[in-house]
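Working through the structure, step by step
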2 protein chains.
Amino acid sequence: MAEVRSPDTRERILDAAERLFMAHGYEGTSMRQITGEAGVNLAAVNYHLGSKEALVQEVFRRRLDWLNDERMRVLNAMEAEADGKPLKPSQIVDGFFGTLLRMADDERRGGITFLRLLGRMLTDPSEFIRAFFAHEYSEVIDRYKEALFKALPDVPKAEIVWRFHFMLGATSYAIAGTDALRVVTDWQIEEADATDRLDRLVPRLMSFLLGGLRAPLPQFSDAEAVGK
Amino acid sequence: MAEVRSPDTRERILDAAERLFMAHGYEGTSMRQITGEAGVNLAAVNYHLGSKEALVQEVFRRRLDWLNDERMRVLNAMEAEADGKPLKPSQIVDGFFGTLLRMADDERRGGITFLRLLGRMLTDPSEFIRAFFAHEYSEVIDRYKEALFKALPDVPKAEIVWRFHFMLGATSYAIAGTDALRVVTDWQIEEADATDRLDRLVPRLMSFLLGGLRAPLPQFSDAEAVGK
DNA sequence: GTCTATAGTCTGATAGAC
DNA sequence: GTCTATCAGACTATAGAC
């Protein structure tokens, strides 16, 4: 049985970095802030992680490895159950986005802090960030895309890929939650109490995503597009 | 008649800052990079704009002033036309999101560069950015929210506010476009040619947004929620 | 493994000549 | 208005004592 002990230096650094990168971004967070918040010496980051760039990669890797394994496990289980028949779109959307959102409740997996950090980094177009995500995500995305192609045989594949993309954006903003919502609204809506946030957000978002995924196909003004 | 002249120093700085903030973020871009790209002296930013913080505010202000005026103009025109009757949801969505997306074609208004910058900054939770957007956006958001409340009297207001938020997220990702799309897909889809991007993106996104906006209401597992 | 001390570089901002 | 020169401080990273 593993010895129970308080978080070691390496993990304290990762936790502090996760929180600070979420709040101020990668470039906006210094090693001094990170080590200060973690209560460790400045040199500890370079000793344990190597560099600031290696640190941010490890911050994501320790969470995404679990998330994508879980997404794979869920999809495999659903497909085994379906026995060759296509899955329902709602199952696929829940397997991908629901699994992500439910991380918000799991403090062992970073909780809401990691989800906000992820939503923020997905809009970062820098080559270094993009290459990392492309690598960590490609396998699971391919599997879910294929499942959607099978589930929606009448919808052109390009349309499904775009709608997948739109769903990611809506989810990213949903994660940022009340904070980002306050950017665009005074949010005087009566139910601002904190208790009913997450368990209502998930069904709310799922309805929206499925409505968008199954919307009538767009009519392009360009006539030639019909034959494509 | 105004004299036609090449962009002056101030505008060259704003253009360079817009491009660099889009690519590397606010914290990731130095004054030296900005003045270097603009081909002006380092001291010019402080002389013309005052500080780096004042610079980024002016980068947004010069575009958002036009955008929000235009959104107001379109909404006022549609409501005058409707003569007191509720607008169609598709009209409202097009007035808000369509007006934004069509900026991508207008190089005089910053084009696709500004749109990507905007999408990126909307995920930044820092107080300084949020306060600025809340101020610049509040009036027009309120008017569009009210129009949606009128157009969808059977949908609870809280639901509409959330769906507005989800639509913003989907649009933000749509703007980031092919770049962010490549994060989550190899994008081997055949129609990757650049020519047919924007005029197809708008109907694609509009279908998705309207599908989400008009989706069936979510079922909360919490029974008490029904009476709220 | 953890610390101090510091090297070497880059940052935003400004004073003052022209 | 535009320039050079420079300040004072923050940054990442590392060498070397313990």
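Quick note: structure is the one above.
Values in this document were obtained by computation on a predicted structure and should not be read as measured data. (Residues numbered from 1 in each chain as written. Chains lettered and ligands numbered in written order. Predicted model: local features only at pLDDT ≥ 70, side-chain atom pairs only at ≥ 80, totals over all residues. Heavy atoms only, no water.)

Residue and element names in this part refer to chain B. At their nearest, the axes of helix α1 (residues 9-24) and helix α6 (residues 111-121) sit 9 Å apart, and the two run at 45 degrees to each other. Put simply, α1 runs oblique to α6. The two elements α1 and α6 cross, and the hand of that crossing is left-handed. When α1 is examined against α6, the residues Glu18, Arg19, Phe21, Met22, Ala23 and His24 are found in contact with a partner set consisting of Thr113, Phe114, Arg116, Leu117 and Arg120. Tallied by class, residues from the contact of α1 with α6 come to 5 nonpolar, 2 polar and 4 charged. (Axes fitted to C-alpha atoms, helices over the stretch in contact; angles between N-to-C directions. Helix = DSSP H or I, 4+ residues; strand = E, 2+ residues; numbered from the N terminus. Parallel < 35°, antiparallel > 145°, perpendicular 65-115°, else oblique. Left-handed = near helix turned anticlockwise from the far one by under 90°. Contact = heavy atoms within 4.5 Å. Nonpolar A, V, L, I, M, F, W, Y, C, P; charged D, E, K, R; others polar.)

It is worth spelling out the protein's contact with DNA strand D at this point. In the vicinity of DNA strand D there are 14 residues, among which A:Met31, A:Arg32, A:Lys52, B:Asn41 and B:His48 approach most closely. Backbone sugar and phosphate groups make up 57% of those atoms of DNA strand D lying within 4 Å of the protein. A distance of 3.1 Å is found between a phosphate oxygen of DNA strand D and a backbone nitrogen or oxygen belonging to A:Lys52. B:Thr9 places a side-chain nitrogen or oxygen 3.3 Å from a phosphate oxygen of DNA strand D. (Near = heavy atom within 4 Å. Polar contact = N/O pair within 3.5 Å; in protein donor to acceptor, adjacent residues only side chain to side chain.)

Right, let's get into the side chain of B:Arg62. Residues and elements named next belong to chain B. Its place among the elements puts Arg62 in helix α4 (residues 52-82). On the accessibility criterion, Arg62 (19% relative accessible area) is buried. Separated by 2.8 Å, the side chains of Arg62 and Asp15 make a polar contact. Ignoring anything within four residues of it in the chain, the contact list for Arg62 reads Glu11, Leu14, Asp15 and Glu18. (Buried < 20%, exposed > 50% of the residue type's maximum accessible area, 1.4 Å probe, protein only.)

A few words on the protein's contact with DNA strand C. Around DNA strand C sit 14 residues in total, of which A:Asn41, A:His48, B:Met31, B:Arg32 and B:Lys52 are the nearest. Near-protein atoms of DNA strand C (within 4 Å) split between backbone and bases, with sugar and phosphate holding 53%. Between DNA strand C and A:His48, the relevant distance is 2.9 Å, taken from a phosphate oxygen to a side-chain nitrogen or oxygen of the residue. Of all the elements in the fold, those that place two or more residues in the surface near DNA strand C are α3 (44-48) of chain A together with α2 (31-38) of chain B.

This part covers unusual backbone geometry. Note: most residues except glycine have negative phi, and most peptide bonds are trans. Residue and element names in this part refer to chain A. Despite not being glycine, Asp83 has its phi angle at roughly 60 degrees, a positive value. If you trace the backbone, Asp83 turns up in the loop between α4 (52-82) and α5 (89-101). What makes Asp83 exposed here is its relative accessible area of 68%.

Attention now goes to the environment of B:Gly110. All names here are of chain B. For Gly110, the position within the fold is in the loop between α5 (89-102) and α6. Judged by its relative accessible area of 5%, Gly110 falls in the buried class. Here the alpha-carbon distance between Gly110 and Arg19, two residues 91 residues apart in the chain, equals 9.3 Å. Contact partners of Gly110, with chain neighbours within four places excluded, come to Glu18 and Arg63.

Structurally, the position occupied by B:Ile141 is in helix α7 (residues 127-151). Taking C-alpha positions, B:Ile141 is 9.6 Å from B:Arg71, a pair spaced 70 residues apart along the chain.

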